[in-house]
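Listed below are the residues making up each chain.
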Amino acid sequence: MREDVRRGLLAPERSLPSKYFYDARGSKLFDAITHLPEYYPTRAERLILERGAPAIVREVTPSTLVELGAGSADKTRLLLDAMTSGRRQATYVPVDVSAQHLHRTAAVLRTDYPTLDVRPVVADISAAVALPVHPLPTLHAFLGSTIGNFADDDAAALLGRAAERMTGGDAFLLGADLRKDPAIIERAYNDPRGVTAEFNRNVLHVLNRALGADFEPARFRHRAVYSVVRHRLEMYLDAMDEQTVLIPGVGTLHFRRGDSILTEVSHKYDRDAIAELLARGGLTLVRWDTDDAGLFSLALARLAA
Ligand code: SAH
Ligand code: AVI
């Protein structure tokens, strides 16, 4: 983490990896975001899954669901319901960096799904992940548009690592946010209650605790803007005044008023962009679902021939 922070904050354009939002508090704040009226992605993806999950499970007949960035796995229940209907046995391997939150998710699911073998894996999916041996076929899922938080090359590499693990009967299910009126996107990341702002500032709390830094999060303002050119929402923390921050082992940082840190990018796609990203990972799009408003997409992919 210190190395990531050094690389990000000592660069001319300061940035931090968005995975560091997610300590226990950050995971709770993200869950609060998913309930905000402005944050449409979660609701839209749930609608698609409500309609499509049974058919997807019928088509793939997975014995195991491996989910990257599982979080609270709320929407995942629509897949798990279909996989375990009639008290069928199934295996669920949720993978997430947020350890405490992941173990809580696993505990709740074990209670709610008696025939489900839940085998959580705490890991960073931006590198290779060791998965437990599990029954095949496997449905790999990456929901919530977390793919959008990765740079395109990193997203393609992540899909490629998943594809390497897949066998012929397996499938990959990718949830992705779609391009639309920028005003709708910016509203989703600028909620009037300030939950997203608090989520954004949480990365500074994480750095203070984990690295002994002395950021004063209240002196940074949340900013979220959509780049039409880059098809991505960009989230920043802007220094509200001149300040100096010490990060032991990294150095002393000087901020002038308005100096910013890029804390997250959230790419938005269309069908062609998703098909291309999947192809770069060695996967072929075989099914494409969206909600009626065309806000969000769910792509099912198989290994390319
Ligand atoms: N899938 C859920 C949660 C999305 S929030 C949903 O659709 O609502 C993003 C999730 O990915 C969080 O739980 C976060 O802890 C996890 N995450 C983010 N970056 C990660 C990384 N590099 N490795 C593993 N998990 C990551
Ligand atoms: C997890 N990820 C897909 C969210 C997103 O929309 O990019 C994280 C988020 N950031 C601000 N609000 C939600």
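See the structure above.
Residues numbered from 1 in each chain as written. Chains lettered and ligands numbered in written order. Predicted model: local features only at pLDDT ≥ 70, side-chain atom pairs only at ≥ 80, totals over all residues. Heavy atoms only, no water.

Draft legend 1. Here's a closer look at the packing of aromatic side chains. In the structure shown here, the tally under the stated rule is eleven aromatic pairs. Aromatic side chains Phe30 and Phe199 sit 6.3 Å apart centroid to centroid with 55 degrees between the ring planes, which places their arrangement in the tilted category. Pair noted here: Phe30 is in helix H2 (residues 24-34) and Phe199 is in helix H8 (residues 195-211), with a separation of 169 residues, a long-range link. Every member of this aromatic cluster is reached through a ring pair, and the members are Phe21, Tyr22, Phe30, Tyr39, Tyr189 and Phe199. (Phe/Tyr/Trp six-rings, centres within 6.5 Å; stacked < 30°, edge-to-face > 60°. Helix = DSSP H or I, 4+ residues; strand = E, 2+ residues; numbered from the N terminus.)

Draft legend 2. View of the pattern of salt bridges. For the structure shown, the criterion picks out 21 salt bridges. A salt bridge links Asp4 to Arg7, with the shortest nitrogen-to-oxygen separation between them at 3.6 Å. Residue Asp4 and its partner Arg7 are both found in helix H1 (residues 2-9); the two are separated by three residues, about one turn of the helix. Judged by relative accessible area, which is 18%, Asp4 ranks as buried. The residue Lys19 makes a salt bridge to Asp4 at a minimum N-O spacing of 3.7 Å. (Salt bridge = Lys/Arg side-chain N within 4 Å of Asp/Glu carboxyl O. Buried < 20%, exposed > 50% of the residue type's maximum accessible area, 1.4 Å probe, protein only.)

Draft legend 3. Examining the site of ligand 1 more closely. Around ligand 1, the surrounding shell holds 17 residues, and the nearest of these are Gly69, Lys75, Asp96, Asp124 and Ile125. Gly69 places a main-chain nitrogen or oxygen 2.8 Å from a nitrogen atom of ligand 1. At 2.8 Å, a backbone N or O of Ile125 approaches a nitrogen atom of ligand 1. About the coverage of ligand 1: the protein hides 93% of its 560 Å² of free accessible area. Partitioning the shell around ligand 1 into residue classes produces seven nonpolar, five polar and five charged. (Near = heavy atom within 4 Å. Polar contact = N/O pair within 3.5 Å; in protein donor to acceptor, adjacent residues only side chain to side chain. Areas by Shrake-Rupley, 256 points an atom, 1.4 Å probe, with all protein chains shown as cover. Nonpolar A, V, L, I, M, F, W, Y, C, P; charged D, E, K, R; others polar.)

Draft legend 4. Representation of the side chain of Asp291. Along the polypeptide, Asp291 turns up in the loop between strand S12 (283-290) and strand S13 (296-303). Notably, Asp291 is buried but unbridged: the nearest opposite-charge side chain belongs to Lys180, and the N-O separation is 7.6 Å. For Asp291, the side chain forms a polar contact with the main-chain nitrogen of Leu295, separated by 3.0 Å. Excluding its chain neighbours within four sequence positions, the residues that come into contact with Asp291 are Ala44, Ile48 and Phe296. (Lys, Arg positive; Asp, Glu negative; His and termini not counted. Contact = heavy atoms within 4.5 Å.)

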